[in-house]
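This is what each chain is made of:
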Amino acid sequence: MPIRKDKRERYVEVEVSGPREPLWVRCEACGELIFKRKLQENQYVCPRCGAYFFLSARERIVSLVDPESFRELPLPAVPEDPLGFADQMSYRERLARSRQETGLNEAAVVGEARIADHPVTLAVLDFRFIGGSMGVAVGEALYAAQAHAARARTPFVFVVSSGGARVQEGVLALLQMVKVVAGRELLAQNGVPYIAVLTYPSTGGVLASLGSLADVTLAEEGALIGFAGPRVIEQTTGERLPPGFQTARFALEHGLVDQVVPRAKLREELAKVLEVLAEEP
Amino acid sequence: MTDEERLKVLEEKAAELRRLAEQDGLDLHEELAVLERKIAELRKQLYLDLSAWARVQLARRPDRPSGLPFVQALCEAFYELRGDRVVGDDPALRGGLARLGGKRLVLLFHHRGATPEEQRASRFGMASAQGYWKAKRLMEVAARLRLPLLTLINTPGAYPGVQAEAHNVAGAIAACIWTMLRHPAPTVAVILGEGGSGGAVALAAADRVLMLENATYSVISPEGAASILWKDAKVAPKAAEALKLTAHDLHELGVIDEVIPEPLGGAHTDFSATVDGVRRAVLRYLEELSRLSLDELLRARYNRYRHVGAQGPGA
């Protein structure tokens with residue numbers, strides 16, 4: 001019996017015995033009952049049908065960087081709830097809940113790390129935190145990460161998992177698109193490479209700013225890549241969406257990305273890119 | 001009779017009284033004063049305390065001054081440039097070479113269209129990928145010629161469609177932001193009507209951002225916010241208030257530089273007064289910006305966006 005739909009979407013945790021962490025999960029794509037630890041070992045890709053469930057920022061970092069190499073950067077404090085926003089829940093309440101659920105302060109985690117021994121500056125978004133949306137704090141984090149990369153002269157790696165700009169911060173969120181592009185300019189001025197990894201989902205204001213401006217762009221298999229969400233497109237235009245629309249494969253075929261990479265190979269692929277970009281000693 | 005219609009009747013009466021007074025030398029002083037007081041009260045009631053939602057309605061009016069007619073009235077000369085050189089042209093986002101107050105510049109603007117055919121062709125001002133790729137191309141023309149850039153924004157947002165995605169509308173918007181941020185000459189953006197989300201910010205990474213009094217600038221449409229956050233599209237008026245999307249709200253937040261007053265009743269009641277107001281403001285800012293060195297200009301622009309939203313209580 002399913003007890004709750006996990007925020008990763010598409011798989012459901014199944015209670016087998018007692019109130020502990022469920023041991024089994026059901027893949028919503030194929031219906032298979034999977035031992036949860038097996039799913040974890042497979043980096044949240046269904047071992048039967050290959051469906052991708054998304055990773056939290058911490059899980060993503062562990063999956064990409066050399067063991068113990070990640071050192072988180074402190075982030076600047078920003079004004080919270082600049083508009084005094086409330087919908088059915090106050091924005092402050094929503095932030096508090098997201099913090100409790102994710103153990104993160106905000107939707108972005110940034111730091112220094114090594115990938116196959118190459119030093120990088122890494123920024124990762126967490127979709128569980130208000131859809132990985134970009135408000136002032138995330139804008140500041142992405143700016144700070146790029147400024148750090150430019151200073152340290154280490155390639156900047158940005159893993160996108162975001163629904164777009166954070167509605168609860170209004171135009172201030174929209175203008176973070178400009179802020180993160182100002183950070184992008186710093187990298188360019190210092191000749192520091194930028195590699196984007198587009199995952200599920202890479203949409204809206206994050207894609208329409210920093211997410212689209214990398215020197216090298218990889219798409220993870222299972223990614224959703226698009227400016228407007230599929231539902232918005234259908235509702236606004238009445239167009240029927242072609243099969244495979246906004247998938248990683250679609251992005252590759254339309255010239256939007258350089259490569260589609262399965263999750264298990266992502267680290268290796270990044271290592272290849274970093275290797276070929278590494279400056280001569 | 002709506003308040004707006006009553007206002008119109010009163011204004012016509014006042015005009016008639018004034019004409020009579022002039023023609024026949026009658027002393028209608030007192031009658032006029034009473035009438036004018038009434039008119040002023042009604043106008044104030046109607047327009048000065050407008051709700052955010054009422055301003056959204058004004059900003060969306062099909063007869064709102066904007067698009068090609070606005071540009072033709074604004075500039076002494078305008079020569080349109082078309083096409084993105086890769087995929088095609090987009091009638092919803094247009095631009096070209098212009099002369100304004102004797103100065104050369106490159107102009108970009110949304111065109112929503114006046115006739116139903118035009119509106120269909122331009123999808124009510126929702127530009128697609130080729131519109132933004134064209135905008136980037138024209139920004140590059142301006143950069144090569146070291147010309148200032150003026151953008152006139154009035155769009156519900158970028159067009160969400162299959163072709164737009166296939167032609168990388170997100171990348172086009174990102175490219176516009178980057179190109180505009182680096183522009184080696186003064187840049188001014190004016191939001192004339194709707195400043196809808198990514199489709200607006202693509203043209204708004206400017207040195208100065210101005211808004212007409214009843215224009216809006218928002219991360220999402222009030223209807224969109226209502227249906228996503230309230231799960232009820234009917235609360236759009238409430239969402240409009242919460243999003244702080246009016247010119248006055250955004251001026252208070254420090255996001256825009258100036259609110260350009262509209263004729264009472266809204267920009268649509270007086271096309272040429274609206275155009276004049278925009279022209280005066282734009283020329284004033286272009287003049288002010290032209291006194292900065294390129295280095296000062298870029299540094300100030302960069303700092304403006306690098307810090308946006310990060311100052312204030314708690315920072």
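Note that the coordinates shown come from a computational prediction; the quantities given were computed from them, not determined experimentally.

What counts, and at which threshold
- Residues numbered from 1 in each chain as written.
- Chains lettered and ligands numbered in written order.
- Predicted model: local features only at pLDDT ≥ 70, side-chain atom pairs only at ≥ 80, totals over all residues.
- Heavy atoms only, no water.
- Helix = DSSP H or I, 4+ residues; strand = E, 2+ residues; numbered from the N terminus.
- Rg over C-alpha atoms; globule rule 2.2 N^0.38 Å.
- Buried < 20%, exposed > 50% of the residue type's maximum accessible area, 1.4 Å probe, protein only.
- Contact = heavy atoms within 4.5 Å.
- Areas by Shrake-Rupley, 256 points an atom, 1.4 Å probe, with all protein chains shown as cover.
- Buried area = accessible area lost by both parts, 1.4 Å probe.
- Salt bridge = Lys/Arg side-chain N within 4 Å of Asp/Glu carboxyl O.
- Polar contact = N/O pair within 3.5 Å; in protein donor to acceptor, adjacent residues only side chain to side chain.
- Patch = residues over 30% accessible without salt bridge, like charges linked within 9 Å, V, L, I, M, F, W, Y side chains within 5 Å.
- Domains from an automatic or database assignment.
- Nonpolar A, V, L, I, M, F, W, Y, C, P; charged D, E, K, R; others polar.
- Expected span 1.5 Å × (residues − 1).
- Arc of directions from axis to C-beta.

Visitor: Outline the overall build of chain B, supporting the account with residue identities and numerical values.
Guide: When you go through chain B residue by residue, the secondary structure sums to 14 helices and eight strands. Over its C-alpha trace chain B gives a radius of gyration of 21 Å, about what one expects of a compact globule, namely 20 Å for 315 residues. The buried share of chain B, reckoned over its 315 residues, is 56%. Of all intrachain contacts in chain B linking residues separated by at least 6 positions in sequence, the fraction that spans at least 24 positions is 72%. Accessible surface for chain B amounts to roughly 13800 Å². Of this, 53% is attributable to carbon and sulfur atoms.

Visitor: How would you explain the interface of chain B and chain A if you had to name every residue and give the values?
Guide: Each partner contributes residues to the interface: chain B has 49 residues there, and chain A has 51 residues. Surface buried jointly by chain B and chain A totals about 4200 Å² across both partners, of which 74% is contributed by carbon and sulfur atoms. Three residues, E165(B), W178(B) and L229(B), lead the burial of chain B against chain A; their summed loss comes to 16% of the area buried on that side. The interface formed by chain B and chain A contains two salt bridges. Measuring nitrogen to oxygen at the nearest pair gives 3.4 Å for the salt bridge that ties R182(B) to E185(A). Taken together, the connections running from chain B to chain A amount to 13 residue pairs in polar contact (both at pLDDT 80 or more).

Visitor: I'd like to hear about a nonpolar patch on the surface, residue by residue, with values.
Guide: Residue and element names in this part refer to chain A. Residues L23, W24, L33 and F35 make up a contiguous nonpolar surface patch of roughly 320 Å² in combined accessible area. Examined against the element boundaries, L23 turns out to sit in the loop between β2 (11–14) and β3 (24–27). L23 gets classed as partly exposed once you look at its relative accessible area, which sits at 36%.

Visitor: Describe the domain arrangement of chain A, and please don't skip the residues or the numbers.
Guide: All names here are of chain A. Assigned domains within chain A: domain 1 (1–54) and domain 2 (55–279). Between domain 1 and domain 2, the C-alpha centre-to-centre distance is 25 Å. If you look at the interface, domain 1 gives nine residues, while domain 2 gives 14 residues. The junction of domain 1 with domain 2 conceals about 1100 Å² of combined surface from both sides, 53% of it contributed by carbon and sulfur atoms. The interface formed by domain 1 and domain 2 includes zero salt bridges. Looking at the side of domain 1 that touches domain 2, its residues break down into five nonpolar, one polar and three charged.

Visitor: Tell me what's going on with helix α1 (residues 3–24) of chain B, and back it up with residues and numbers.
Guide: Quick reminder: α-helices carry 3.6 residues per turn. Residues three or four places apart thus point the same way. Residue and element names in this part refer to chain B. Along its 22 residues, α1 runs 31 Å from first to last C-alpha, staying within 8% of the 32 Å computed at 1.5 Å per residue. Residues of α1 that are buried: L7, L10, A14 and L17. An end-on view of α1 places all buried positions within 85° of arc, on one side of the element. Looking at α1, the residues exposed on the side facing more than 90 degrees away from the buried face are K8 and Q23. Looking one or two residues beyond α1, the residue adopting positive phi is G25, at roughly 65°.

Visitor: Outline the side chain of D207(B), listing residues and values.
Guide: Residue and element names in this part refer to chain B. Tracing the chain through its elements places D207 in the loop between α9 (197–201) and β6 (208–212). Looking at D207, the relative accessible area reads 4%, which means it is buried. Separated by 2.8 Å, the side chain of D207 and the backbone nitrogen of T187 make a polar contact. In this structure, D207 is in contact with A185, P186, T187, D257, L289, L297, R301 and R304, ignoring residues within four places of it in sequence.

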